[in-house]
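The primary structure of each chain is shown beneath.
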Amino acid sequence: MRDLMGIMKQAQAMQEKMANLQSEMDEIEVSGASGGGSVRVTMTAKGQMKGVSIDPSLMVADEREILEDLIVAACNDARGKAEATMQERMAELTKGLPLPPGMKLPF
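So, how was this worked out
Residues numbered from 1 in each chain as written. Predicted model: local features only at pLDDT ≥ 70, side-chain atom pairs only at ≥ 80, totals over all residues. Heavy atoms only, no water. Salt bridge = Lys/Arg side-chain N within 4 Å of Asp/Glu carboxyl O. Helix = DSSP H or I, 4+ residues; strand = E, 2+ residues; numbered from the N terminus. Buried < 20%, exposed > 50% of the residue type's maximum accessible area, 1.4 Å probe, protein only. Pairing = 2+ DSSP bridges. Core = buried A, V, L, I, M, F, W, Y, C linked by side-chain atoms within 4.5 Å. Contact = heavy atoms within 4.5 Å.

Asker: Whenever I open this one, the pattern of salt bridges confuses me. Can you help?
Answerer: Once their charged atoms are close, side chains differing in charge can pair, the charge on each being opposite to the other. Summed over all chains, the structure comprises five salt bridges. A salt bridge links Glu-24 to Arg-89; the shortest N-O distance between them is 1.9 Å. Highlighted residues: Glu-24 in helix H1 (residues 2-27) and Arg-89 in helix H2 (residues 64-94), separated in sequence by 65 residues. Relative accessible area serves as the criterion here: at 32%, Glu-24 is assigned to the partly exposed category.

Asker: I tried to follow the pairing of strand E2 (residues 39-44) on my own but got confused; where do I start?
Answerer: Residues in a regular strand point their side chains to alternate faces of the sheet. Summarising the sheet, strand E1 (residues 29-34) and E2 pair through six bridges and their orientation is antiparallel. Looking across to E2, one finds that Ser-31 is bridged to Thr-42. Examined bridge by bridge, E2 and strand E3 (residues 49-54) share five bridges and lie antiparallel to one another. In the strand pairing of E3, Val-39 is matched with Ile-54. Taking the residues between adjacent antiparallel strands as the criterion, E2 and E3 are bridged by four residues, where Gly-47 takes a positive phi near 100 degrees.

Asker: Explain the nonpolar core here, please?
Answerer: What tends to happen in soluble globular proteins is that the nonpolar side chains get buried as a cluster. Counting residues in each nonpolar core, the largest one holds eleven residues, listed as Val-30, Val-39, Val-41, Met-43, Leu-58, Leu-67, Leu-70, Ala-74, Cys-75, Ala-78 and Ala-82. Per-element tally for this core: the top contributor is H2, with six residues. With residues near it in sequence (within four places) discarded, Met-43 still touches Ile-28, Glu-29, Val-30, Gln-48, Met-49, Lys-50, Cys-75, Ala-78 and Arg-79. Core analysis: the second largest hydrophobic core is formed by eight residues, Met-14, Ile-28, Ala-45 and Met-90 among them.

In structure tokens, the structure reads:
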């Protein structure tokens, strides 16, 4: 019975840490870049876009598709960094918990 109470306390503490982590992810910003840094995107670790920076030399009407592709690539780069940041924080949060291998949080 003690083990069950201990597990319940751990689960409650983890739930509080998860809530803190979720609000922290709104504050953490990551940047992605493409085209050798000519296009940069900034977003929160949760994926909310905060800004886009485009080198003026890319503003050529005939090369619109290239610019669009660079923006997409920069967004994907930033999103990948956001996901990596989230995974790192989750690993810190769940360290020491007896979770089965491969179990991912949040569920």
